Structures are given as C-alpha cells and as structure tokens.
Amino acid sequence: MTRPARVVFNPAAVRGNLELIRRRAPGRRVLAIVKADAYGHGLVRAARALGAADAFGVASIEEAARLRDAGITHSIVLLEGPFEAAEIAEIGVLGLESVVHSHEQVEWFARQERKTPLWIKIDTGMHRLGFDVDEIPAILARLTGDRHQVRLMTHFASAHVRGEASVGVQLARFAALGGSSAYEICLANSSAILAWPAAHGDWVRPGLALYGVSPFDDAVGSELGLVPAMTVTSALIAVKPVRAGERVGYGNAFTCARDMSVGVVAFGYADGYPRQAATGTPVLVDGVATQVIGEASMDMLTVDLTPIPQARVGDPVVLWGDGLPVEHIARRAGTIPYDLLCRMRMRAHFVELAA
C-alpha cells in the first residue's frame, strides 16, 4: 500500500470546459494555456485532453519541447517570447510561434531569415509586458511584409473583477490602434471570455477556466457551468480521541473545546497543501463536510471528526476538487486558486481517470 496522497485528473472535465468556452465565444479560435505544467494538472496530459484546441500557450522553450517530444503537433505559442537571442534558432527547430513584447525581441526576429508567426503584445494598461500603442506602427513595419505572419494581443489587468471599468479603458486603447483590423487579434483570457463578449476578437486565450475553476472572485466554477479537472484526495491514517482542553498540532494551534475525535490525514504542505489554511478550512471525510483544525504540517493535517462519528482509518478525504471547490480553500488560505493548483507539481501521486 503506497501513501494515499493523490491528485486525480479528469480529462473529460477539461474537454467539457473547452466545449463551454467555445459556446461562450462562438467562431473564435482557442489558444489553450498550458503553462506552469498546465496549472499543476500536468503539461502533456492536459494538452492531450485539449486536443480540440487550436493552439497551446506555454511560458518557455522547455515546456514547448516537452510537448513536441510527446508528439503534440499543434501550434505552440511562447507567451513571453525568447529570453535571449540564442533561443531564436530553437524556436525554428521546434516550429514555434512567439509573443514579441520588447524591442530586443523585435531585433532578434527582424534579423532572422526563417518565417515565424509572431504575436505582438500591446500594453493597454497592465504595464507588465508589451509596447505602447503609439510604438506599434513602427514595430509592424519592422516585422511584417513577407518575413513574418503577425497577430496583435493584449492582456487585461482586472477582467476577473466584475464590472471593472479598466477593461473598457483597455479595450478603447486597443481599438484606437489604427489599422489593427488588418490583423488577427487575441484579447480575452478566461474572465474576459465569460464576462466581456466585446473582447473576444479572433482568438480567445482561456487558462484557469479550462481546468474548471472560476476566474472571478465572487463565484466558483460550478456556478459558471465548469467542472473541476483536479481532485486532491488522501485518507485518514489515524483517528484519535482527544479530551477537552487538550491542544492539537504544532504550536498548540487548536484547543479542543470538548472531548472530540480528531482525524489525521496523510497530506501536508510538502504535498502542496497551504500551511496558512488553518482551523475552519473545509474538507470532506467520507463525503461529509468538516474542517481542518490547527495547522498543516509537512506530511499531515488534522481534521475535526465530530460530524463523522463512525470515521475510521482508511476513510477517503477530499481536500479540494469534486464536491469541494478549490476556490473555497484558496479564500480560507488568503490566496488564489492558481497558487494552490500550481503547487500540485510537488510529490502527490497523479491518477488519470479513463477518458
């Protein structure tokens, strides 16, 4: 019997979420974001589940090479472009497309003989990567012609906040770019796909929503019709009676107000559980809702078994996923779902459900 910490990946959920994205943005092509090991779901397994996407977005050549080595033939876009001029040759070898967001990258590609599809990043207000709108005509003149196919893109800073006025401001700045209608455009991330139809453009760029998680602060994925692709599970490895007034865990973080039964779960922060998710964080034991008590330790966490008096060693535990939205855990931990999902690259064993 191996340690019961598991991350269960559901490829059917990913495919269904992609279908929902297509319904919400009909006629648009989909650049599916699989960077950061597909938000912790596994780069190759997620890409295979997303075979109906039109292209994949990654953060590095290393991620792109893993996809090519796995036989993925889709278009692959480097979302941050090359980090140095030496990567230009490998972009050609792997047949990649690239975002261009800096003048250095413009010069690297301008000197290249091989045609490369390029996505010019325009900074309309996030002020992270990209060119000012008034720089774009000169950049297009440098890169277009018979050398490179060019698309235009931007990124919204606050589309995840419903009714956020800055999205409209960014859209207006992008629209002010004269001649942009001559190029395919890509504007919308998950939240803009779901809340800002005017931002759909020619390509949409879903990430978090593909994995069944809400991009909005005030909703969970199921409320949007999404299905979680990741369920994090383990099991009880001990059931302990603890008397009233006794304390549980490191730092005596939880004091029992009454005689109670405490369960010990084989999952801790070394597996990716957030240490800051303390007493009150929801958890399911044998399908029954209860709470974490105390602080997670490296390999274990403790839970209140009061609602499950029949609990015994070996009972299944769901930490987030099917039946327990990761959004709830993130809020209790003072973080965002992206953070928790990406932690699953740690040591928990992955299990993939049948397609």
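For the structure itself, consult the block above.
About the thresholds
Residues numbered from 1 in each chain as written. Predicted model: local features only at pLDDT ≥ 70, side-chain atom pairs only at ≥ 80, totals over all residues. Heavy atoms only, no water. Core = buried A, V, L, I, M, F, W, Y, C linked by side-chain atoms within 4.5 Å. Buried < 20%, exposed > 50% of the residue type's maximum accessible area, 1.4 Å probe, protein only. Helix = DSSP H or I, 4+ residues; strand = E, 2+ residues; numbered from the N terminus. Contact = heavy atoms within 4.5 Å. Axes fitted to C-alpha atoms, helices over the stretch in contact; angles between N-to-C directions. Parallel < 35°, antiparallel > 145°, perpendicular 65-115°, else oblique. Left-handed = near helix turned anticlockwise from the far one by under 90°. 1 Å grid on protein atoms, 1.4 Å probe; cavity = no way out; pocket = protein on both sides within 12 Å on 5 of 7 lines; lining within 4 Å. Points joined across faces, edges and corners; volume = space filled by probe spheres on them. Nonpolar A, V, L, I, M, F, W, Y, C, P; charged D, E, K, R; others polar. Expected span 1.5 Å × (residues − 1). Polar contact = N/O pair within 3.5 Å; in protein donor to acceptor, adjacent residues only side chain to side chain. Salt bridge = Lys/Arg side-chain N within 4 Å of Asp/Glu carboxyl O.

Asks: Give me the nonpolar core: which residues, what numbers.
Replies: Core analysis: the largest hydrophobic core is formed by 112 residues, its most contacted members being I120, Y273 and W320. The element best represented in this core is helix α1 (residues 11-24), accounting for five residues. Not counting the four nearest positions on each side in its chain, Y273 is found in contact with F267, G268, T281, V292, A296, L301, L319, W320, I329 and R343. Among the nonpolar cores identified, the runner-up in size contains seven residues, and F254, C256, V262 and I293 belong to it.

Asks: I'd like to hear about the packing of helix α4 (residues 61-69) against helix α5 (residues 87-94), residue by residue, with values.
Replies: For the pair α4 and α5, interaxial distance at closest approach is 11 Å and the crossing angle is 20°. By the angle between their directions, the pair α4 and α5 is classed as roughly parallel. Two packed elements cross with a definite hand, and for α4 against α5 that hand is left-handed. Residues I61, A65 and R68 of α4 pack against E87, E90, I91 and L94 of α5.

Asks: Report on empty space enclosed by the protein, specifying residues and quantitative values.
Replies: Counted under the stated rule, the structure contains one cavity of 30 Å³ or more. Of the voids in this model, the largest cavity is the one considered here, and its volume is about 50 Å³. K121, I122, D123, T124, M126, H127, R128, L129, T154 and H155 are the residues that line the largest cavity. A breakdown of the residues in the lining of the largest cavity according to their chemical character gives three nonpolar, four polar and three charged.

Asks: Now, about the environment of F216: what can you tell me, with residues and values included?
Replies: Assignment of secondary structure puts F216 in the loop between β9 (203-204) and β10 (230-242). As for F216 and A195, which are separated by 21 residues in sequence, their C-alpha atoms are 9.6 Å apart. In contact with F216, other than residues within four places in its own chain, are A159, H160, R162, S191, L194, A195, L224 and R331.

Asks: Quick rundown of α1? Include the residues and the values.
Replies: In this model, α1 (14 residues) spans 20 Å end to end at C-alpha, consistent with the 20 Å of a helix rising 1.5 Å per residue. On its buried face, α1 is in contact with β1 (6-9), β2 (29-33), α3 (43-49), α9 (190-195), β9 and β18 (349-352). With a side-chain oxygen positioned 3.1 Å from the backbone nitrogen of A12, the residue opening α1 is N10.

Asks: Could you give me a rundown of the pattern of salt bridges, with the residues and numbers involved?
Replies: One pass over the full model with this rule turns up twelve salt bridges. Taking the shortest distance from any N to any O, the salt bridge between R142 and E107 comes out at 2.8 Å. Highlighted residues: R142 in helix α7 (residues 136-143) and E107 in helix α6 (residues 103-110), separated in sequence by 35 residues. When its relative accessible area of 41% is taken as the criterion, R142 is described as partly exposed. Salt bridges linked by common partners bring R29, E97, R151 and E184 together as one network.

Asks: Hey, could you go over the packing of α6 against α7 for me, with residue numbers and the actual values?
Replies: In the contact formed by α6 and α7, the axes pass within 9 Å of each other and the chain directions differ by 20°. Classified by the angle between their axes, α6 and α7 sit roughly parallel to one another. Residues H103, V106, E107, F109 and A110 of α6 form the contact with α7, whose own contacting residues are I139, R142 and L143. Of the residues contributing to the contact of α6 with α7, the split by class is five nonpolar, one polar and two charged.

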